[in-house]
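Structure assessment
Listed here are the chains, written in short residue letters.
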Amino acid sequence: MDIETDTNRMITARRLTKTFRAKGRTVDAVTDLDLSVAPGELVAFLGPNGAGKSTTLRMLTTLLPPTSGDAVVAGCDIRRDPAGVRSRIGYVGQGTSGGHTQRVRDELHAQGAFSGMGRRETRARADELIDSLELGQVANRQVQSLSGGQKRRVDIALGLIHRPSLLFLDEPSTGLDPHSRANLWEHIVDLRRTTGTTIFLTTHYLDEADQLAERVMVMDHGRVIADDTAAALKQRLAGDRVTLEFGSATDAAAAAARLGGDHDGSSISVATPDGDVALPRWIRDLDAAGLEVVAATHRAPTLDDVFLALTGRSLREEGAAAAA
Amino acid sequence: MNTVTTSAPVPTEFAAPAASVARPTGFVHDTVAVFARESRPLVRDPFSVVFSLVQPLVFLGLFGPLLIGASGGDAAGTLQWFVPGILVMVALFGTASTGANLLFEMQTGSHERTLVAPLSRAALLVGRALKDVVPLVIQGTLVVLVSVPFGFRLDVPGLAVGLLVLAVFGVGLGALSYTLALACRNRDWMFWMVHQTLLFPLMILSGMLLPLDEGPAWMQVAAAVNPLSYLVDAERVLLAGGFGDPSIVGGVIAAAITCALGLVLGVRAMRRAR
Ligand SMILES: Nc1ncnc2c1ncn2[C@@H]1O[C@H](COP(=O)(O)OP(=O)(O)OP(=O)(O)O)[C@@H](O)[C@H]1O
Ligand SMILES: [Mg+2]
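These numbers come from a predicted model, not from an experiment. (Residues numbered from 1 in each chain as written. Chains lettered and ligands numbered in written order. Predicted model: local features only at pLDDT ≥ 70, side-chain atom pairs only at ≥ 80, totals over all residues. Heavy atoms only, no water.)

With that out of the way, let us pick up the overall build of chain A. Across its full length, chain A holds 12 helices and 14 strands. If one aligns the C-alpha atoms of chain A with their principal axes, the spans along those axes are about 75 × 45 × 40 Å. Expressed as a percentage of its 324 residues, the buried residues of chain A come to 53%. Restricting the contact set of chain A to residue pairs at least 6 apart, pairs at least 24 apart contribute 67%. When the 38 positive and 44 negative side-chain charges of chain A are each reduced to one mean point, those points stand 8 Å apart. (Helix = DSSP H or I, 4+ residues; strand = E, 2+ residues; numbered from the N terminus. Buried < 20%, exposed > 50% of the residue type's maximum accessible area, 1.4 Å probe, protein only. Contact = heavy atoms within 4.5 Å. Lys, Arg positive; Asp, Glu negative; His and termini not counted. Charge placed at Lys NZ, Arg CZ, Asp CG, Glu CD.)

This is the structure we're talking about:
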């Protein structure tokens, strides 16, 4: 291997590029991606539909040959030693991993055998995962009979069965209810704490990236447009957005003059680093000044806000432009 | 409680974890693992094997009496001629459509999962193709057993060798079906189009259901290049217990060529699969 194989790195990629050609049209799915992930890191790959997240993961997991560029994953070159990469990683794709006519437990046992685990070890590990991912009720049912969220939990169990030291998760929480999502997060945090597993996951949700990862990469149109800590990223976003509603437009205008922010009819919208703390204080102050707040909302920044801050474009505009 | 309150700490305290590497396995281990996975739904739901017997039994039940009437001969003699054809039909229909299952798994993501697993690509194909033999042998045996009360003469060694030859053929045809699925990727219509276009001509031009002796010359030529004709002829001889007949050699060669071709093309397609 002659790319500088830095042994202290779990993933290194240099100018990784994937261009799809179909019917005379070319799509630059990923362009000149540079990556460096240390062992034990949890990296969240954040980006809208079509940004190139799955394509990146599929290249790093040897499913897709890159158009150009190199990558070394878990010490193995993805082009020269794909088998080496495959024997060191776990992967949960965006689709459904379980075979439709297979029973959940059988599929876990098969996956253990695929990974070279012994029979007894596989069975014990499958029971453990069925228990921790709350699949006990459905373990003897066919995958096709499960709900979307149950299938997703089966996918995750399949990716974890052999305790890989590097785990790729493509939108792991899509389709999960809030309880299962929190449960999955707990599982991921726990996995890292106890085993030091390196995790590379993709998501559409800023709160998920924030909750789990200390490092967030934002992708847009096949390029990484930000690679930072979640905290720093939020700082750049100027934090939360607080919306206050007043009895009249004059009150709203007066409030906007005091707090700053945008004023629209009888409501105003203000950005603040810490909405939780600011909101009660503002209401008290405004009340003292004779301006009565009739309604108040406060929301954490979303992927849309990240985009607006980083690119000056809103995802909604993008969708509208694409549809036009 | 399921609320995660811990924002994950930067794990600088971790020593770089010794990369856990999957235990090296080999082609045989992997083939057994793939075979075991593929045959598990069969073990869990054995009735599905019986269910797909409906089609050959319908042919046997509805076509059989017609043939007996048309031939003017006795029922037993006609069955002796007809049942081996039905056996080949079981092998043909059972294995030719098996790629549809892979096609479905390619669309859902479970094929992708097996591609990322540290498995030999050749094993991914061979394990699947070997699995198709199981329903084939069970169904073939059942068809023969059902025919016995109606006058079919059972020759056990002949049936055993006949099923073996069919199994070799079935592995090949199954592998070809997987090759087609891998080539079609997400265009299922193309898979079914090729499947339908080839299957019925192959079946009719093998003399499986009706003798071709009375057909026009071009049909005789088509039958002569159809490997299924050799298989049907060989099965007719084998199931009657005739081991010395030279047509057996033709059937064995046809099955072996199908098997070799299927495995070579299938393994190549699986190695290239993404
Ligand atoms: N096999 C393919 N052939 C042609 N184009 C493709 C193929 N796979 C992906 N693309 C295109 O590449 C771009 C990136 O796709 P990718 O699946 O990586 O996006 P993503 O970030 O994972 O999106 P999502 O959030 O919707 O999963 C898209 O424009 C997509 O249409
Ligand atoms: Mg994706």
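As enumerated under the stated definition, the model contains four aromatic pairs over all chains in all. Taken together, a centroid distance of 5.9 Å and an interplanar angle of 55 degrees make the contact between A:Phe168 and A:Phe200 tilted. Of this pair, A:Phe168 sits in strand β7 (residues 166-170) while A:Phe200 sits in strand β8 (residues 198-203), and the two are 32 residues apart along the sequence. You'll find A:Phe168 and A:Phe200 in the same group, each marked buried. Ring geometry for B:Phe191 versus B:Trp192: centroids 5.1 Å apart, planes at 85 degrees, classification edge-to-face. A residue is classified by how much of its surface remains accessible, and B:Trp192, at 35% relative accessible area, is partly exposed. Within the aromatic cluster, the residues linked to one another by ring pairs are A:Phe45, A:Phe168 and A:Phe200. Between the NZ or CZ atom of A:Arg181 and the centre of the ring of A:Tyr205, over which it lies, the distance is 4.6 Å. If you follow B:Arg236 out to its NZ or CZ, it ends over the ring of B:Trp81, 3.9 Å from the centre. (Phe/Tyr/Trp six-rings, centres within 6.5 Å; stacked < 30°, edge-to-face > 60°. Lys NZ or Arg CZ within 6 Å of the ring centre and 35° of its normal.)

Quick look at the environment of A:Asp264 now. Residue and element names in this part refer to chain A. Tracing the backbone through its elements, the reader meets aspartate 264 in strand β12 (residues 262-264). Residue classification places aspartate 264 among the exposed positions, given a relative accessible area of 59%. When the C-alpha positions of aspartate 264 and leucine 279 are compared, they lie 19 Å apart, and in sequence the two are 15 residues distant.

Residue and element names in this part refer to chain B. Among the surface-exposed residues, Phe47, Val50, Phe51, Val54, Val58, Leu62, Ile138, Leu142, Leu145, Val148, Leu154 and Val156 lie close enough to one another that they form a single nonpolar patch of about 1,100 Å² accessible area. Positionally, phenylalanine 51 belongs in helix α2 (residues 47-51). Exposure remark for phenylalanine 51: the relative accessible area of 58% places this residue in the exposed category. (Patch = residues over 30% accessible without salt bridge, like charges linked within 9 Å, V, L, I, M, F, W, Y side chains within 5 Å. Areas by Shrake-Rupley, 256 points an atom, 1.4 Å probe, with all protein chains shown as cover. Salt bridge = Lys/Arg side-chain N within 4 Å of Asp/Glu carboxyl O.)

Moving on, we get to the interface of chain B and chain A. Between chain B and chain A, the residue contacts involve 42 residues of the former and 52 residues of the latter. At the junction of chain B with chain A, the criterion picks out four salt bridges. In this structure, the salt-bridge partner of A:Arg58 is B:Glu112, at a minimum N-O distance of 2.1 Å. Contributing elements (two or more residues each) for the side of chain B that touches chain A: α1 (27-44), α5 (99-108) and α6 (110-116) of chain B. Take the side of chain B that touches chain A: its biggest share by element is eight residues, from α1(B). Among the residues forming the side of chain B that touches chain A, the class breakdown is 21 nonpolar, 11 polar and 10 charged. (Nonpolar A, V, L, I, M, F, W, Y, C, P; charged D, E, K, R; others polar.)

Residue and element names in this part refer to chain A. With respect to topology, four strands assemble into an open sheet ordered β12-β13-β11-β14, the strand pairing being antiparallel. Whereas interior strands pair on both sides, the edge strands pair on one side only; in this sheet they are β12 and β14 (293-299). Strand-to-strand twist across the sheet, computed as the mean angle between neighbouring axes with direction ignored, equals 20 degrees. As paired strands, strand β11 (residues 240-246) and strand β13 (residues 267-272) are joined by six bridges and run antiparallel to one another. Counterpart to leucine 244 in the pairing with β13 is isoleucine 268. (Pairing = 2+ DSSP bridges. Axes fitted to C-alpha atoms, helices over the stretch in contact; angles between N-to-C directions.)

Looking now at the domain arrangement of chain A. Accessible area lost upon the coming together of the parts serves often as the stated size of an interface. Domain assignment breaks chain A into domain 1 (11-234) and domain 2 (240-300). Put simply, the middle of domain 1 of chain A and the middle of domain 2 of chain A, counted by C-alpha atoms, are 42 Å apart. (Domains from an automatic or database assignment.)

Within the structure shown, the criterion is met by two cavities of 30 Å³ or more. Counted as a void, the largest cavity has a volume near 110 Å³. In terms of lining, the largest cavity is formed by 15 residues, of which the most central are A:Gly90, A:Tyr91, A:Gln111, A:His162 and B:Arg113. Only β6 (89-92) and α5 (148-160) of chain A together with α6 of chain B provide two or more residues apiece to the lining of the largest cavity. Looking at the lining of the largest cavity residue by residue, the classes come out as six nonpolar, six polar and three charged. Looking at the second largest cavity, its volume works out to about 30 Å³. What lines the second largest cavity is A:Ile156, A:Leu160, A:Leu167, A:Leu169, A:Leu184, A:His187, A:Ile188 and A:Leu191. (1 Å grid on protein atoms, 1.4 Å probe; cavity = no way out; pocket = protein on both sides within 12 Å on 5 of 7 lines; lining within 4 Å. Points joined across faces, edges and corners; volume = space filled by probe spheres on them.)

On to the pairing of strand β10 (residues 223-229) of chain A. Residues and elements named next belong to chain A. Here six bridges tie strand β9 (residues 215-220) to β10, and the two strands are oriented antiparallel to one another. Bridge assignment links valine 216 to a residue of β10, and that residue is aspartate 228. Counting the residues in the hairpin turn of β9 and β10 gives two residues, including histidine 221, whose phi is positive at 50 degrees.

A separate point is the sheet that holds β8(A). Residues and elements named next belong to chain A. Spatially, the six strands line up as an open sheet ordered β6-β7-β8-β3-β9-β10, and their pairing is mixed. One side of each edge strand has no neighbouring strand; the edge strands of this open sheet are β6 and β10. Taking the axes of each pair of neighbouring strands and ignoring which way they run, one obtains an average angle of 15 degrees across the sheet. The sheet contact formed by β7 and β8 spans five bridges and is parallel. Residue leucine 166 lies in a different strand from β8, and its bridge partner there is threonine 198. Sitting on the sheet, helix α1 (residues 53-60) touches β3 (42-46), β6, β7, β8 and β9, and the angle it makes with β7 is about 150 degrees. Against the sheet, α5 makes contact with β6 and β7, and its axis sits at roughly 170 degrees relative to β6, the strand it touches most.

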